[in-house]
4 protein chains.
Amino acid sequence: MLSFESDYTEGAHESIVRRLLQTNLEQTPGYGNDHYCESAKARLKEAFGVPDADVYFLVGGTQTNSTVIASLLKSYEGVIAVATGHIGVHESGAVEYTGHKVLTLPDHGGKMDAGELRSYLKAFYSDGTFEHMVIPGMVYISFPTEFGTVYSKAELEAIHSVCQEYSIPLFIDGARLGYGLMSEANDVAIKEFASMCDVFYVGGTKVGALFGEAVVFTHGAPAHFFTTVKQHGALLAKGRMLGLQFDTLFTDGLYFKIARHADEMAALLKSIFLEKGYDVFIDSPTNQQFFVMTREKAAELHTKVRFEDWCPVEGGDIAVRFVTSWATKEQNVLALKDII
Amino acid sequence: MLSFESDYTEGAHESIVRRLLQTNLEQTPGYGNDHYCESAKARLKEAFGVPDADVYFLVGGTQTNSTVIASLLKSYEGVIAVATGHIGVHESGAVEYTGHKVLTLPDHGGKMDAGELRSYLKAFYSDGTFEHMVIPGMVYISFPTEFGTVYSKAELEAIHSVCQEYSIPLFIDGARLGYGLMSEANDVAIKEFASMCDVFYVGGTKVGALFGEAVVFTHGAPAHFFTTVKQHGALLAKGRMLGLQFDTLFTDGLYFKIARHADEMAALLKSIFLEKGYDVFIDSPTNQQFFVMTREKAAELHTKVRFEDWCPVEGGDIAVRFVTSWATKEQNVLALKDII
Amino acid sequence: MLSFESDYTEGAHESIVRRLLQTNLEQTPGYGNDHYCESAKARLKEAFGVPDADVYFLVGGTQTNSTVIASLLKSYEGVIAVATGHIGVHESGAVEYTGHKVLTLPDHGGKMDAGELRSYLKAFYSDGTFEHMVIPGMVYISFPTEFGTVYSKAELEAIHSVCQEYSIPLFIDGARLGYGLMSEANDVAIKEFASMCDVFYVGGTKVGALFGEAVVFTHGAPAHFFTTVKQHGALLAKGRMLGLQFDTLFTDGLYFKIARHADEMAALLKSIFLEKGYDVFIDSPTNQQFFVMTREKAAELHTKVRFEDWCPVEGGDIAVRFVTSWATKEQNVLALKDII
Amino acid sequence: MLSFESDYTEGAHESIVRRLLQTNLEQTPGYGNDHYCESAKARLKEAFGVPDADVYFLVGGTQTNSTVIASLLKSYEGVIAVATGHIGVHESGAVEYTGHKVLTLPDHGGKMDAGELRSYLKAFYSDGTFEHMVIPGMVYISFPTEFGTVYSKAELEAIHSVCQEYSIPLFIDGARLGYGLMSEANDVAIKEFASMCDVFYVGGTKVGALFGEAVVFTHGAPAHFFTTVKQHGALLAKGRMLGLQFDTLFTDGLYFKIARHADEMAALLKSIFLEKGYDVFIDSPTNQQFFVMTREKAAELHTKVRFEDWCPVEGGDIAVRFVTSWATKEQNVLALKDII
């Protein structure tokens, strides 16, 4: 059956799997101390224009979020995120499990508002009882957001500026970073992106890899981050699997090419839904698309194509999500014309 | 350079990587809800003779240990292990990070003694102040141990029996399970193994897979174990990568065949060292071999072959570790004759 | 200076301090294994009509909340509370520090709505992705609430009923329990109260004791709760200090008498503010009273009497809090007539 | 019945309880922001000769240990202690509950050996796999130890010197500090003590107070320590109870006078046991005394006087503990002559 269920339904870009096969019996040191990781780190630093950054490879998104956040927070601090942020909703409390509260702000199409962030921090330190509360220790945002939306350069700069004002790091969850940076709506250059935060990760799992997320600490990693990764059970023994994948993705801009393809397929998909008279639920310029339909229509479509019911909409209708990826075939998108 | 550094220096058994390539663009549901996982679970339950078991696939060993242990302990409980147990030494405190103490007993060539375990538990509950201490909530052992040794059937049964007496589960770390079960020294049948504990894992990372550990709860998993896995950052989005690997390894007994090969290579390697007059440090019947040599000799050998310095030995010499694996070539073992 | 800052500005009811002096050099066993604790437990069980309950004495409120909550939740569970609940706001993330998320519902004058609780739980388990979220494991409410309001018997029963429907315990924070039960607005009999929840605590710190909270598990405590208390650093060596205080407070209904006095003083205080034309911010029938005034007025009053600025009110005014207690003197309340 | 069970069987020095009564209805701000705490802090800084120190008051010993340790360690670090250290044995895993491992060294009569500490740290950083282990982040010792023994000035300096070499703080558990400093065997001057560590606490619970431990950070406290205390449930609402007690104990050297009395009573007690032909189990110069006797003798004595069975001794005998305190009456010690 046709599937637009998520961007992790296939394996990996074929060049990755072929290279795994070619290099399979090579013997390398474990835990990321191999030449593939070394090469991949160099390529990532080059791609994002951060020669002095520290790069680490982890396996999955939730793991990366909780490991990075725990490494940056002091024990009495929490992380600020919007209410729809992935860490506060769909990560089974992984952040709280490490002892830290997720402090929530309202979201705007999945995005944090710099003004609201500043007001929150100002009000916090103006409150005479603030020492009885959780001290805000960092800010977490997603690019693109859980709703596929992207921050403009000005918005990112404004958030980063508030963070700098309060001396707290800004962490950007880039589980779908490629789809954000390649979006037509995006005005942030790849080489500018890293300068707008203190740490971010480049999502591999959802953008062409079998698995893997590359964490980039733009000003250097916290002390003993390797040990923190191990302590979180996030250290891959055969670390070269991660190095090889990111090395491949960041050779000749493959990561960005395949991400652009997904965005183009998403635009095509959206145009088909709009032609058919559907309303968008949230207007996303990336690979996740959200539409409104009746529950009957959704039920009928579920028999023909895989997608996710997202949430109820006021009035009884339902919002649904269709996702394209690096692997989406144009013919499958076009096939929707006859289905929806 | 020749390497006997560890059993995770290569990729995976070629049949796994080829199958990854063949199935690469198939679309499947995420998080382990796919037919590869389903099939692999069935094969594992069949292989170990536990039709009612619950099987979960995780990515790595430290991750598996801390996730399983945290899922079984109450917040006031600790896990009993020998002083050389992996969880107490080389996992960066991952168990303590989840709030639990590792309670240590002495080791005997890496093994726990059932009598000492019973004495410990008896003394604990005889101590009038025991409620001020950490309550022992489970027992952790490794099969084979960190020194390559294996428990006899009688030894396992004795430990399990003490656990049952005190109503605490026995967890067996099987990171190298295949090498243990296929050892000439082993008297535990594959289908008997599961009945000697409450939960164990079948190591893939060190026995032919790219990565992956299969956790087998012989009497069923704790409630919401899926959520616990997610909370620990241990849930792989493209879960089928794990299913496919274990499905392959447990088709036609591949897992055990390649494990036996490693043990045979280890026996050959040991015979070469013994011929050359080296003493064994610990007499291991599995794929890890430990020898004693002078520091000068070790330094010289390090220029010719990769292996690990293990620990200082009284008198100034050093113990070293040579490891074979599913991927070890006989010619490379034989080549040691001219090197050592 | 006159102070209505909080209900913990004085020491303890004089009969407690006198008794401490009288019994000072008696030798008793530590950790609560003394006859004062035994007697106090019997009196508490009698007062609340729960002969089979387990009673424990802890030192402070935040400590009691985090210890009780951690003892009842499994590691993958969170606690449901309203957004204004003490555990989610003014406890420095003590609950998250033990690894658990506080799941928030909207508050209504500080109270949880049973209908909203049911909707939350129903929606949670209807969400196909719920296993990726924090499982709701218990409900926390305060009686009276942080705004001094009290639940009616029908409201408590409705919340308890939802909890029973979903098999999760209901925990009532009774830091100011006496003031709630003695309120004119309260329709819950003392001996009925315990049947409406699974565990609650009787606040001593704010109701006549030097310190101390009595936790009552109405159907018995979780296994090894003593060890949990110790692990949380909440076990008082000279436990009899707690027993003696609660024994005194629950002799001849002292606890309730002094609580009623505070409520009467609060009613008098409120009538004075109303006479003077102030608006109430939240209409509280217990010992905490909230009024609205201009910031200039508040600033002026701060020079004459101690009270707390509570929060900004729309339009530029401010809400303030005046608190009476067991120790409040009528003449001091009346003195407000000339001050406000 | 006569009791030498512990040093926390009575209430507090009478001057403390009288002062509680005298000041009972005074209104003061909460959480330690009162003039009693201010005065007590000044007296403590004066007594220990540390004008720039930060002083905090907590309620109990286990609480103080876990709060201070968690405030000083990074998430990947552990605390080094001897195997008999209180934090590793009788605190129900409170340190591990905050996520940190207790790394153990052998004890010598309860004491840590500076040479063994240095060897441990040297070996740790020489181990090529140290990044896979728990990083040692601080050192914990007790003065006097759990066996009543005291470190000499030279021994303390040696341990502190190793800590400085490795840039890790030294924390001294002073639950019985007074009894150590007033011991005839002690050669550390009160005003020298603070310079031999980075943080220590002055035990009140066991030395004349109802409860309370004064933490002294000799070079200043970690950022937001107040919030850490609250997060650990260790913040007393009526903080002045702690201030008043320490203010009293550190007026006119009361703390040291009553501690010396306990040591003198212990010396008397020991002389009586020696006269009667008992062997000491460990030769303690402070208020805890350990003797060896047959199990029959111990059973007989238990019918006449309260004391603790400590541990079995090789050969079938038992070690027992008799404890004196600030409250011990000479006549009760002398009464032992006819009993033992």
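Residues numbered from 1 in each chain as written. Chains lettered and ligands numbered in written order. Predicted model: local features only at pLDDT ≥ 70, side-chain atom pairs only at ≥ 80, totals over all residues. Heavy atoms only, no water.

**As for the interface of chain A and chain B**
Right, so step 1: The partner chain B presents 48 residues to the 48 residues of chain A that form the contact.
Right, so step 2: In total, chain A and chain B occlude about 4,300 Å² of area from one another, counting both sides; carbon and sulfur atoms represent 57% of this.
Right, so step 3: Viewed at the interface, chain B and chain A are joined by 0 salt bridges.
Right, so step 4: For the side of chain A that touches chain B, the secondary-structure elements that each account for two or more residues are α1 (14–22), α3 (61–72), α5 (94–97), α10 (225–231) and α11 (240–249) of chain A.
Right, so step 5: Counted by class, the side of chain A that touches chain B contains 20 nonpolar, 19 polar and 9 charged residues. (Contact = heavy atoms within 4.5 Å. Buried area = accessible area lost by both parts, 1.4 Å probe. Salt bridge = Lys/Arg side-chain N within 4 Å of Asp/Glu carboxyl O. Helix = DSSP H or I, 4+ residues; strand = E, 2+ residues; numbered from the N terminus. Nonpolar A, V, L, I, M, F, W, Y, C, P; charged D, E, K, R; others polar.)

**Re the sheet that holds strand β7 (residues 199–203) of chain A**
Residue and element names in this part refer to chain A.
Right, so step 1: Judged by pairing direction, the sheet is mixed, and its 7 strands sit side by side in the order β2-β8-β7-β6-β5-β3-β4 without closing on themselves. Two strands lie at the open edges of the sheet, namely β2 (54–58) and β4 (102–105), each paired on one side alone. Neighbour to neighbour, the strand axes of the sheet diverge by 25° on average, direction disregarded.
Right, so step 2: For strand β3 (residues 77–82) and β4, the ladder comprises 4 bridges, and the chain directions are parallel. Residue pairing in the sheet places Val 82 in a bridge with Leu 105 of β4.
Right, so step 3: Its contacts with the sheet put helix α2 (residues 35–48) on β2, β7 and β8 (213–217), and the angle it makes with β2 is roughly 120°. (Pairing = 2+ DSSP bridges. Axes fitted to C-alpha atoms, helices over the stretch in contact; angles between N-to-C directions.)

**What about the relation of the copies chain A and chain B?**
Right, so step 1: When chain A is fitted to chain B, the residual RMSD is 0.0 Å, and the transformation amounts to a turn of 180° plus an axial shift of 0.0 Å. Both chain copies can therefore be described as sitting about a two-fold axis.
Right, so step 2: A symmetric contact is evident, with 100% of the interface residues of chain A recurring at the interface of chain B. (Least-squares fit on C-alpha atoms with pLDDT ≥ 70 in both.)

**Quick look at the relation of the copies chain C and chain A**
Right, so step 1: Between chain C and chain A, the superposition needs a rotation of 180° and an axial shift of 0.0 Å, giving an RMSD of 0.0 Å.
Right, so step 2: The overlap is high: 100% of the interface residues of chain C also sit at the interface in chain A, so the same surface is used on both sides.

**Considerations on unusual backbone geometry**
Right, so step 1: The step from Phe 143 of chain B to Pro 144 of chain B runs through a cis peptide bond, and the omega angle for that step is -10°.
Right, so step 2: Along the chain, Pro 144 of chain B falls in the loop between β5 (135–142) and α7 (153–165).
Right, so step 3: Within the chain, Tyr 31 of chain C stands out as a residue other than glycine whose phi angle is a positive 65°.
Right, so step 4: Position of Tyr 31 of chain C relative to the elements: it lies in the loop between α1 (14–22) and α2 (35–48).

**Some details on the interface of chain C and chain A**
Right, so step 1: Residue-level contacts link 18 residues of chain C with 18 residues of chain A.
Right, so step 2: Interface area, chain C with chain A, both sides summed: about 1,400 Å², of which 50% is carbon and sulfur.
Right, so step 3: Considering only the side of chain C, the residues that lose the most area to chain A are His 90, Glu 96 and Lys 101 of chain C, jointly responsible for 33% of the buried surface there.
Right, so step 4: Inspection of the chain C/chain A interface yields 2 salt bridges.
Right, so step 5: For Glu 96 of chain A, the salt bridge goes to Lys 101 of chain C, with nearest N and O atoms at 2.7 Å.
Right, so step 6: Seen at the junction of chain C and chain A, the total is 10 residue pairs in polar contact (both at pLDDT 80 or more).
Right, so step 7: Residue assignment for the side of chain C that touches chain A shows that the elements contributing at least two residues are α4 (86–89) and α5 (94–97) of chain C.
Right, so step 8: In the side of chain C that touches chain A, the residues fall into 5 nonpolar, 9 polar and 4 charged. (Polar contact = N/O pair within 3.5 Å; in protein donor to acceptor, adjacent residues only side chain to side chain.)

**Remarks on the domain arrangement of chain A**
Accessible area lost on assembly of the parts is the figure often given for the size of an interface.
Residues and elements named next belong to chain A.
Right, so step 1: Along its sequence, chain A is carved into domain 1 (2–7 + 255–338) and domain 2 (14–253).
Right, so step 2: A separation of 26 Å is found between the C-alpha centroids of domain 1 and domain 2.
Right, so step 3: Contacts between the two partners involve 21 residues from domain 1, matched on the other side by 29 residues from domain 2.
Right, so step 4: Buried surface at the junction of domain 1 and domain 2, both sides included, amounts to about 2,100 Å², of which 62% is carbon and sulfur. (Domains from an automatic or database assignment.)

**Let's talk about the sheet that holds strand β10 (residues 288–293) of chain A**
All names here are of chain A.
Right, so step 1: Pairing in this open sheet of 4 strands is antiparallel, and the strands run β9-β10-β13-β12 from one edge to the other. A single partner strand is all that each edge strand has here, and the edge strands are β9 (279–282) and β12 (308–312). Neighbour-to-neighbour, the strand axes of the sheet open up by a mean angle of 40°, direction not taken into account.
Right, so step 2: Contacts from helix α12 (residues 254–275) reach β9, β10 and β13 (318–323), with the element oriented near 10° to β10.
Right, so step 3: Helix α13 (residues 295–302) rests against β10, β12 and β13 of the sheet, and its axis sits at about 125° to β10.

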